[in-house]
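# Breakdown of the fold
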Amino acid sequence: MSEKKSDEKKVEQYKLKLEHLKEEILKDIKNMNSDGDSMPEISVGHGMHMADAASDMYDREFSLNLASNDRELLQKIDEALARIEQGNFGKCLACQGEIPAMRLNAIPYVERCLKCQEKLEEKTA
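A brief look at the structure comes next.

The rules behind these values
Residues numbered from 1 in each chain as written. Predicted model: local features only at pLDDT ≥ 70, side-chain atom pairs only at ≥ 80, totals over all residues. Heavy atoms only, no water. Helix = DSSP H or I, 4+ residues; strand = E, 2+ residues; numbered from the N terminus. Buried < 20%, exposed > 50% of the residue type's maximum accessible area, 1.4 Å probe, protein only. Contact = heavy atoms within 4.5 Å. Areas by Shrake-Rupley, 256 points an atom, 1.4 Å probe, with all protein chains shown as cover. Salt bridge = Lys/Arg side-chain N within 4 Å of Asp/Glu carboxyl O. 1 Å grid on protein atoms, 1.4 Å probe; cavity = no way out; pocket = protein on both sides within 12 Å on 5 of 7 lines; lining within 4 Å. Points joined across faces, edges and corners; volume = space filled by probe spheres on them. Nonpolar A, V, L, I, M, F, W, Y, C, P; charged D, E, K, R; others polar. Phe/Tyr/Trp six-rings, centres within 6.5 Å; stacked < 30°, edge-to-face > 60°. Core = buried A, V, L, I, M, F, W, Y, C linked by side-chain atoms within 4.5 Å. Expected span 1.5 Å × (residues − 1).

## Comments concerning the overall build of the protein
The secondary structure content of the protein amounts to four helices and zero strands. Reading the helices (α) and strands (β) of the protein from amino to carboxyl end gives α-α-α-α. Taking all 125 residues of the protein together, 22% fall into the buried category. Counted over contacts in the protein with a minimum sequence separation of 6, partners at least 24 positions apart contribute 54%. Of the roughly 9,300 Å² that the protein leaves accessible, carbon and sulfur atoms contribute 54%.

Structural data, given as structure tokens:
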């Protein structure tokens, strides 16, 4: 098998992995939304103890944060799928170098090599 065929096969495996991950996240978001529909309205003065109301508020905030994180992750997955279609999947967006397979296996939607990611994190810290 030629190296190009081997690379195409690996990229196809990453594509399947990304699509599966996307499906799982969409399922989680759908479940969170359906759970949120069944949550009772919070009204402290009508029989609900303040501690229960606070607990419900915390649960809602937690769910909203999870949904927000999931949406950000979905965007990264969509961007990775677009890079596959464009033919530049597995290349660092910062230095254009190859992202090691071990890193792609761990985080298939990763945008940068470890060195560039560390530089970015140093700047934002």
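Further notes follow.
## A few points about the pattern of salt bridges
A full pass over the atoms with the stated rule returns five salt bridges. The partner of Glu24 in a salt bridge is Lys27, with the nearest N and O atoms 3.5 Å apart. In this pair, Glu24 and Lys27 both sit in helix H1 (residues 3-37), three residues apart, roughly one turn of the helix. On the basis of relative accessible area, Lys27 is assigned to the partly exposed category, the value being 45%. With its nearest N and O atoms 2.9 Å apart, the salt bridge here joins Glu98 to Lys91. Overall, the relative accessible area of 56% leaves Glu98 in the exposed class.

## Brief notes about the layout of surface pockets
The probe, sized like a water molecule, is rolled over the atoms to show the empty space still left. Considering only enclosed or pocket space, the largest pocket measures out at about 400 Å³ in volume. Lining the largest pocket are 18 residues, and of these Asp7, Val11, Phe89, Gly90 and Glu98 sit closest to its centre. Listing elements by their share of the lining of the largest pocket, those giving two or more residues are H1, helix H2 (50-86) and helix H3 (101-106). No other element matches the six residues that H1 contributes to the lining of the largest pocket. Residues of the lining of the largest pocket, tallied by class, amount to eight nonpolar, three polar and seven charged.

## With respect to the packing of aromatic side chains
The full count for this structure, using the stated rule, is one aromatic pair. Each ring, one from Tyr14 and one from Phe89, has its centre 5.4 Å from the other, and the planes form 45 degrees; the classification is tilted. Here Phe89 lies in the loop between H2 and H3 and Tyr14 lies in helix H1, a separation of 75 residues in the sequence. Both residues of the pair, Tyr14 and Phe89, count as buried.

## Description of the nonpolar core
One finds Leu18, Ile77, Phe89 and Leu104 to be the most contacted residues of the largest nonpolar core, which totals 17 residues. Those elements that provide at least two residues to this core are H1 and H2. With five residues, the top contributor of residues to this core is H2. Not counting residues up to four positions away in its chain, the partners in contact with Phe89 are Val11, Tyr14, Leu18, Ala80, Arg83, Ile84, Leu104 and Pro108.

## Side note on H2
Its 37 residues give H2 an end-to-end C-alpha distance of 54 Å, which sits within 8% of 54 Å, the value for a rise of 1.5 Å per residue. When we look at burial in H2, the residues that qualify are Ala53, Asp56, Ala67, Asp70, Leu74, Ile77, Ala80, Leu81, Arg83 and Ile84.

Functional significance is not addressed by these values, which are geometric in nature.
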